[in-house]
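Secondary and tertiary structure notes
Residue-level listing of the chains:
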Amino acid sequence: MTTDTLKKDIAKKTPKQKILSIVKTVLLYSLMFVVIYTAVNWWRQPVMPANPQLQLMDYQGQAVDLAALSHEQPTLVYFWGTWCSVCSFTSPTINKLAAANNYPVVAIAVQSGSNQELQSYLTEKNFNFTTVNDQEGYIFNDWQGQVTPSYVILKDGEMTQGLTGIQPLWSLKLRLWLSSIF
């Protein structure tokens, strides 16, 4: 088919056909995006270690038992860092989720400085979520974390979901709720 013939065929399309063509293209690209996003998220998600350390200590010296918390109801574990630019968008969402007090939320600050530096950061940002200071990144490495922010949902001491990137509040609430019924 020559270029002139192709141009004539396009010119012959009715407005309805043009709109249908645009809708098909948008749907195709949307489907491609969802498939690629899902594959990348699956590849980058944290992986629960064979013998995970679920009894931790927060930066203030208080015991945090992820196994016990997750037996009561699904628990969100949020891997983040004070140095992470994306986390500056996700941490306020995590703070809202923790403040709602519907589900336990435990944040693990990856390589974010000393306990005092972490406390200053949390105070400055008005973040009140329970935070474990993973100064050397050992906990994050144990979970094979690749990117921050990353999220893990634990139920009965087992990982039910792993996520990465920006997650809206409604998505986290929905995932926690689904984990509570399945």
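Residues numbered from 1 in each chain as written. Predicted model: local features only at pLDDT ≥ 70, side-chain atom pairs only at ≥ 80, totals over all residues. Heavy atoms only, no water.

**Regarding the sheet that holds strand β4 (residues 105-110)**
Going by this rule: Two strands pair if DSSP finds at least two bridges between them. Starting at the N terminus, helices and strands are each numbered in turn, a helix being any DSSP run of H or I of at least four residues and a strand any DSSP run of E of at least two. For helices, the fitted line uses only the C-alpha atoms of the stretch in contact; every axis is such a line through C-alpha atoms, and the angle between N-to-C directions lies from 0 to 180 degrees. Here, residues are in contact when the closest pair of their heavy atoms is within 4.5 Å.
On the basis of which strands lie adjacent, the open sheet formed by five strands has the order β5-β4-β3-β6-β7 and mixed pairing. Single-partner strands in this sheet number two, and they are β5 (130-134) and β7 (158-164). Sheet twist, expressed as the average angle between the axes of neighbouring strands with direction ignored, equals 20 degrees. In the sheet, β4 pairs with β5 via five bridges, with the strands oriented parallel. In the strand pairing of β5, Ala109 is matched with Asn133. Relative to the sheet, helix α4 (residues 87-100) contacts β3 (75-80), β4 and β6 (150-155), its axis offset from that of β3 by approximately 155 degrees.

**Quick word on the pairing of β4**
Definition in use: Relative accessible area decides the class of each residue, using a 1.4 Å probe on protein chains only: under 20% of the type maximum gives buried, over 50% gives exposed, and in between gives partly exposed. Handedness of a crossover is defined as follows: with both strands directed away from the viewer, a clockwise route from the first strand across the helix to the second makes it right-handed.
In terms of burial, β4 is largely enclosed, as six of its six residues are buried. For β3 and β4, the ladder comprises five bridges, and the chain directions are parallel. What sits directly across from Phe79, in β4, is Ile108. Since β3 and β4 lie parallel, the crossover through α4 that links them has a hand, and here it is right-handed. Taking the sense of rotation as the criterion, the β-α-β connection linking β4, helix α5 (residues 115-125) and β5 turns out right-handed.

**Topic: the side chain of Thr93**
Assignment of secondary structure puts Thr93 in helix α4. Residues contacting Thr93, with those up to four places away along its chain left out, are Gln167, Pro168, Leu169 and Leu172.

**A few points about the nonpolar core**
Selection criterion: We call a set of buried residues a nonpolar core when its members are Ala, Val, Leu, Ile, Met, Phe, Trp, Tyr or Cys and they connect through side-chain atoms within 4.5 Å of each other.
Within the largest apolar cluster, 23 residues are counted, with the highest numbers of intra-cluster contacts made by Leu76, Trp80, Ile94 and Phe129. Ranked by the residues each element gives to this core, the list is headed by α4, at four residues.

**Observations regarding the packing of aromatic side chains**
So the rule is basically this: Between the rings of Phe, Tyr and Trp (Trp by its six-membered ring), a pair exists once the centres lie within 6.5 Å; its type follows the angle of the planes, with under 30 degrees stacked, over 60 edge-to-face, and the other angles tilted.
Taken as a whole and judged by the stated rule, the model has nine aromatic pairs. Geometrically, the ring pair formed by Phe79 and Phe140 is tilted, given 5.3 Å between the ring centres and 50 degrees between the ring planes. Highlighted residues: Phe79 in strand β3 and Phe140 in helix α6 (residues 138-142), separated in sequence by 61 residues. For the ring pair Trp80 and Tyr121, a centre distance of 5.9 Å and an interplane angle of 35 degrees mean the geometry is tilted. Placement of the pair is Trp80 in strand β3 and Tyr121 in helix α5, with a sequence separation of 41 residues. Just as Trp80 is buried, Tyr121 falls in that class too.

**Re a nonpolar patch on the surface**
Put simply, the rule reads: Residues form patches when they are more than 30% accessible in relative terms and have no salt bridge. Like charges link within 9 Å. Nonpolar side chains (Val, Leu, Ile, Met, Phe, Trp, Tyr) link within 5 Å. Residue burial considers only the protein chains on display, and all accessible areas are found by Shrake-Rupley using a 1.4 Å probe. The term salt bridge refers to a side-chain nitrogen of Lys or Arg lying within 4 Å of a carboxyl oxygen of Asp or Glu.
Together, Trp170, Leu174, Trp177, Leu178, Ile181 and Phe182 make up an exposed nonpolar region whose accessible area comes to about 700 Å². Residue placement: Ile181 occurs in helix α7 (residues 169-181). Owing to a relative accessible area of 45%, Ile181 belongs among the partly exposed residues under this scheme.

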